[in-house]
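# Structural description and commentary
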Amino acid sequence: MNEMYLLNVEGVKKKILHGGRGELLQFKDGSKLTFHFQTLKDDFERTVIDDSRQAGIPMEIIVGKLFKIEVWETLLTSMRIGEVAEFWCDAIHTGMYALVSKGMRRIAEGKDPLEGQKHRCGMGNMFDYHSTGYADLDELQRVPQPLIFIMELFKVDDPSSYKRDTWAMNKEEKLSAVPVLHSEGNRLVLLKRYQEAAAKYQEAVICLRNVQAKEKPWAEDWLSLEKLIMPLVLNYCQCQLELGEYYEVLEHTTDLLQKDNGNHPGENVKAYFKRAKAHAAIWNEKEAREDFLRVAQLDPSLGAAVKKELRLLGERMREKHVEERQRYQGCSSTTAAEQNLGEGVGPGAENSRILQDEC
């Protein structure tokens, strides 16, 4: 049971420490494997580098999704549920371990694992950064070396038995998820649960953007996907308006208008209207008026709605100006009174100076 034997992979040896249950599974693409692991140096002391049990967080990988340490999928799919095994892996398989370990440690510390990274592949990030922030991982990054992994596989989920994260879906699954997410977002809006609705719309946009990223920009398929994205972004912006996130609305609507360039007039109207509302909310009167007038120009049937919004904008700006004048006048009166007090003007000035002296 404890004999070391070779897997059908160069530079990998396996030793079973505790036998698992049942037959060896046929792992489908998309299966989620949950396991604990311990990483050790291949030295006399077998120095422990990481231990997921001490961190209190089990590890998960999705079969077929090219985990950064690709050999881990090979190791885990050689195991039965409940099995504990020790694997020796040559340095050709461990070059990415420092980056993966850094992310896992940051998660265990309650930090963002991607903070400070550029949106690049792991190998690109290795060239970009000289330090992981952990001395032992920096050593592994400088000098890749054989490592020992002790793994316990304790759960395997079939692809259909759990809600898959967007990154773990294939193209067809992402496209199928979009209408479901859109519908769920609409339901949450009716319940005025805007934060949750925004998250649904955002997830749908991410699905489509991931698919779109594999298409040639501005080609027919790319444009078809952009047409599906626009109403989802606008729904997301409506939620952000309700939540008071006006600058985010300005960012997304402006991006839509710049990309669309008049190709979808109906969506343009909505984008201009939402951007006008955001401008009005943060006192950008000139920009708000321009966008509202643009809405009326693009869709004359909205003339009455635009007229109402312009009236409300005018009233709010007048109220703001009155408040500012009153505030200015109050400050001026206070300043004048302080000057009079300092100069001893008016009845009781002498008493005031005495009181000031006492203070």
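Each residue is numbered by its place in its chain's sequence as written, counting from 1. Under the rules for a predicted model, residues below a pLDDT of 70 receive no local features and side-chain atom pairs below 80 are neither given nor counted, while totals for whole chains, interfaces and linings still include all residues. The side-chain numbers reported here are obtained from all heavy atoms of the structure, hydrogens and water having been left aside.

Going by the annotation in an unreviewed UniProt entry, the name recorded for the protein chain is AIP/AIPL N-terminal FKBP-type PPIase domain-containing protein, with Gopherus agassizii given as the source organism.

## Let's talk about the overall build of the protein chain
Looking only at helices and strands, one finds 13 helices and seven strands in the protein chain. Throughout, exposure labels follow a simple rule: accessible area from a 1.4 Å probe, protein chains only, divided by the maximum for the residue type, with under 20% read as buried, over 50% as exposed, and the rest as partly exposed. Across the 359 residues that make up the protein chain, the buried fraction comes to 38%. Here a residue-residue contact requires only that any non-hydrogen atoms of the pair lie within 4.5 Å. In the protein chain, 67% of the contacts between residues at least 6 apart in sequence involve partners at least 24 apart. Roughly 21300 Å² of accessible area belongs to the protein chain as shown, and the carbon and sulfur atoms make up 52% of that amount. Only DSSP runs of H or I covering at least 4 residues are called helices, and only runs of E covering at least 2 are called strands; the numbering of each starts at the N terminus. Areas reported here follow the Shrake-Rupley algorithm with a probe of radius 1.4 Å; residue values treat only the protein chains shown as occluding.

## Details of the pattern of salt bridges
By convention in these notes, a salt bridge is any Lys or Arg side-chain nitrogen within 4 Å of a carboxyl oxygen on Asp or Glu. Going through the model one piece at a time under the given rule, you end up with 18 salt bridges. In this structure, arginine 53 engages glutamate 152 in a salt bridge whose closest nitrogen and oxygen atoms are separated by 2.1 Å. With arginine 53 in helix α1 (residues 52-55) and glutamate 152 in strand β7 (residues 147-157), the pair connects residues that are 99 residues apart, well separated along the chain. Accessibility expressed as a relative area gives 21% for glutamate 152, which makes it partly exposed.

## Some details on the packing of aromatic side chains
In this scheme Phe, Tyr and Trp rings, the latter by its six-membered ring, pair at centre separations within 6.5 Å, and the angle between planes marks the pair as stacked below 30 degrees, edge-to-face above 60, and tilted otherwise. Going through the model one piece at a time under the given rule, you end up with eight aromatic pairs. Their ring planes at 55° and their centres at 6.4 Å tell us that tryptophan 72 and tyrosine 97 sit as a pair that is tilted. Of the two residues, tryptophan 72 sits in helix α2 (residues 70-76) while tyrosine 97 sits in helix α3 (residues 97-108), which places them 25 residues apart along the sequence. Residues tryptophan 72 and tyrosine 97 agree in their burial class; the two are buried. Centre to centre, the rings of tyrosine 97 and phenylalanine 149 are 5.8 Å apart; their planes meet at 50°, and the pair counts as tilted. Note that tyrosine 97 is positioned in helix α3 and phenylalanine 149 in strand β7, a separation of 52 residues in sequence. Looking at tyrosine 97, the relative accessible area reads 1%, which means it is buried. Look at phenylalanine 149 and you get buried, because its relative accessible area is 0%.

## Looking at the nonpolar core
In this description, a nonpolar core means a group of buried Ala, Val, Leu, Ile, Met, Phe, Trp, Tyr and Cys residues linked to one another through side-chain atoms lying within 4.5 Å. Grouped together as the largest cluster of nonpolar side chains are 42 residues, with contacts concentrated most on Val178, Tyr201, Leu208, Leu232, Val233, Cys239 and Phe292. If you tally residues by element for this core, the top one is helix α8 (residues 220-242), at 10 residues. What leucine 208 contacts, discounting residues up to four positions off in sequence, is Leu175, Val178, Leu225, Leu228, Ile229 and Leu232. Counting 30 residues, the second-largest nonpolar core is a separate cluster that includes Met79, Ala85, Phe87 and Phe149.

## Side note on the packing of α8 against helix α9 (residues 246-260)
Contact geometry for α8 and α9: axes closest at 9 Å, N-to-C directions at 160°. In terms of orientation, α8 and α9 fall into the roughly antiparallel class. At the point where α8 passes α9, the crossing takes the left-handed sense. Taken together, the residues of α9 that come into contact with α8 (itself represented by Glu226, Met230, Val233, Leu234, Tyr236, Cys237, Gln240 and Leu241) are Tyr246, Glu248, Val249, His252, Thr253, Leu256, Lys259 and Asp260. A per-class count over the contact of α8 with α9 returns nine nonpolar, three polar and four charged. For helices, the fitted axis covers only the stretch in contact; all axes are lines through C-alpha atoms, and the angles between them, taken along N-to-C directions, range from 0 to 180 degrees. An angle below 35 degrees is treated as roughly parallel, one above 145 as roughly antiparallel, one from 65 to 115 as roughly perpendicular, and anything else as oblique. Helix crossings get a hand from a simple test, with the near helix turned counterclockwise from the far one by less than a right angle marking a left-handed crossing and a clockwise turn marking a right-handed one. When residues are grouped by polarity, Ala, Val, Leu, Ile, Met, Phe, Trp, Tyr, Cys and Pro land in nonpolar, Asp, Glu, Lys and Arg in charged, and all others, Gly among them, in polar.

## Examining the pairing of strand β2 (residues 12-18)
Pairing between strand β1 (residues 4-6) and β2: three bridges, direction antiparallel. From the neighbouring strand, leucine 6 faces β2, where its bridge partner is lysine 13. What makes two strands pair is DSSP finding at least two bridges between them. The pairing of β2 with strand β6 (residues 84-89) spans six bridges and is antiparallel. Bridge pairing in β6 places histidine 18 opposite valine 84.

## Overview of the environment of alanine 288
By secondary structure assignment, the location of alanine 288 is in helix α11 (residues 285-298). Exposure remark for alanine 288: the relative accessible area of 0% places this residue in the buried category. In the structure, alanine 288 is positioned 10 residues away from alanine 278 in sequence and 7.8 Å away in space, judged by C-alpha atoms. Excluding residues that lie within four positions of it along the chain, alanine 288 makes contacts with Ala276, His279, Ala280 and Leu313.

## Looking at the environment of proline 231
Inspection of the secondary structure assignment puts proline 231 in helix α8. When the C-alpha atoms of proline 231 and tyrosine 201 are compared, they prove to be 9.4 Å apart, with 30 residues separating the residues in sequence.

## Quick word on unusual backbone geometry
A positive phi angle is found at arginine 46, which is not glycine, with a value near 50°. The class of arginine 46 is partly exposed, set by a relative accessible area of 34%. Despite not being glycine, tryptophan 283 has its phi angle at roughly 70°, a positive value. Within the secondary structure, tryptophan 283 sits in the loop between α10 (265-281) and α11. What makes tryptophan 283 partly exposed here is its relative accessible area of 35%.

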